[in-house]
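Here is what each chain is made of, one letter per residue.
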Amino acid sequence: MVKLFSRYATIGVLNTLIHWITFAICFERGLAQSLSNFIAFCMAVTFSFFANARWTFNSEATTIRYIMYVFFMGMIAVMIGSYADR
């Protein structure tokens, strides 16, 4: 159980770093906060989804699960970013 949590936490930290770095690059280049957040989210969630599926849970990541997850979570990221833009 500790090993599983450690792997999950490591992926979470890396996921956060990927998100922050991608967001900073996009925002610095003049993109709106909502779009920067969405792009950063897509990069981070793609890493997180596949890394957790393979390394943490030893399972196969399916395309439909990935698409549903990215779409749902992406919409949340856009809504939060749009709120911050206002």
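What comes next is a walk through the structure. (Residues numbered from 1 in each chain as written. Predicted model: local features only at pLDDT ≥ 70, side-chain atom pairs only at ≥ 80, totals over all residues. Heavy atoms only, no water.)

Here we look at the overall build of the protein
Scanning the protein from N- to C-terminus turns up three helices and zero strands. Starting at the N terminus, the α and β elements of the protein follow one another as α-α-α. Counting all 86 residues of the protein, 26% fall into the buried class. Accessible surface, the protein as shown: approximately 6,300 Å² in total, 71% of it carbon and sulfur. (Helix = DSSP H or I, 4+ residues; strand = E, 2+ residues; numbered from the N terminus. Buried < 20%, exposed > 50% of the residue type's maximum accessible area, 1.4 Å probe, protein only. Areas by Shrake-Rupley, 256 points an atom, 1.4 Å probe, with all protein chains shown as cover.)

Points about a nonpolar patch on the surface
Taken together, the side chains of Val13, Leu14, Leu17, Trp20, Ile21 and Ile25 make up a nonpolar region of the molecular surface, amounting to roughly 600 Å² of accessible area. For Trp20, the location among the structural elements is in helix H1 (residues 2-28). Residue Trp20 is classed as exposed on the basis of its relative accessible area of 58%. (Patch = residues over 30% accessible without salt bridge, like charges linked within 9 Å, V, L, I, M, F, W, Y side chains within 5 Å. Salt bridge = Lys/Arg side-chain N within 4 Å of Asp/Glu carboxyl O.)

Some thoughts on the state of the cysteines
Throughout the structure, instances matching the rule amount to zero disulfides. Of all cysteine sulfurs, the one in Cys42 lies closest to Cys26, which takes part in no disulfide; the gap is 10 Å. (Disulfide = S-S within 2.5 Å.)

As for the environment of Val13
Here Val13 is to be found in helix H1. A relative accessible area of 52% means that Val13 is categorised as exposed. Residues Val13 and Ser48, 35 residues apart in the sequence, show an inter-C-alpha distance of 9.8 Å.

Some points on the packing of H1 against helix H2 (residues 33-56)
At a minimum axis distance of 8 Å, the contact between H1 and H2 shows a crossing angle of 155°. Looking at the two axes, H1 sits roughly antiparallel to H2. Considering how the two elements wind past one another, H1 and H2 form a crossing that is right-handed. Of the residues that constitute the contact of H1 with H2, the class distribution is 17 nonpolar, 10 polar and one charged. (Axes fitted to C-alpha atoms, helices over the stretch in contact; angles between N-to-C directions. Parallel < 35°, antiparallel > 145°, perpendicular 65-115°, else oblique. Left-handed = near helix turned anticlockwise from the far one by under 90°. Nonpolar A, V, L, I, M, F, W, Y, C, P; charged D, E, K, R; others polar.)

Describing the side chain of Ser36
Following the sequence through the fold, Ser36 ends up in helix H2. Residue Ser36 is classed as buried on the basis of its relative accessible area of 0%. If sequence neighbours within four positions are ignored, Ser36 has contacts with Phe23, Cys26, Phe27 and Leu31. (Contact = heavy atoms within 4.5 Å.)

By themselves, these figures tell us nothing about what the structure is for.
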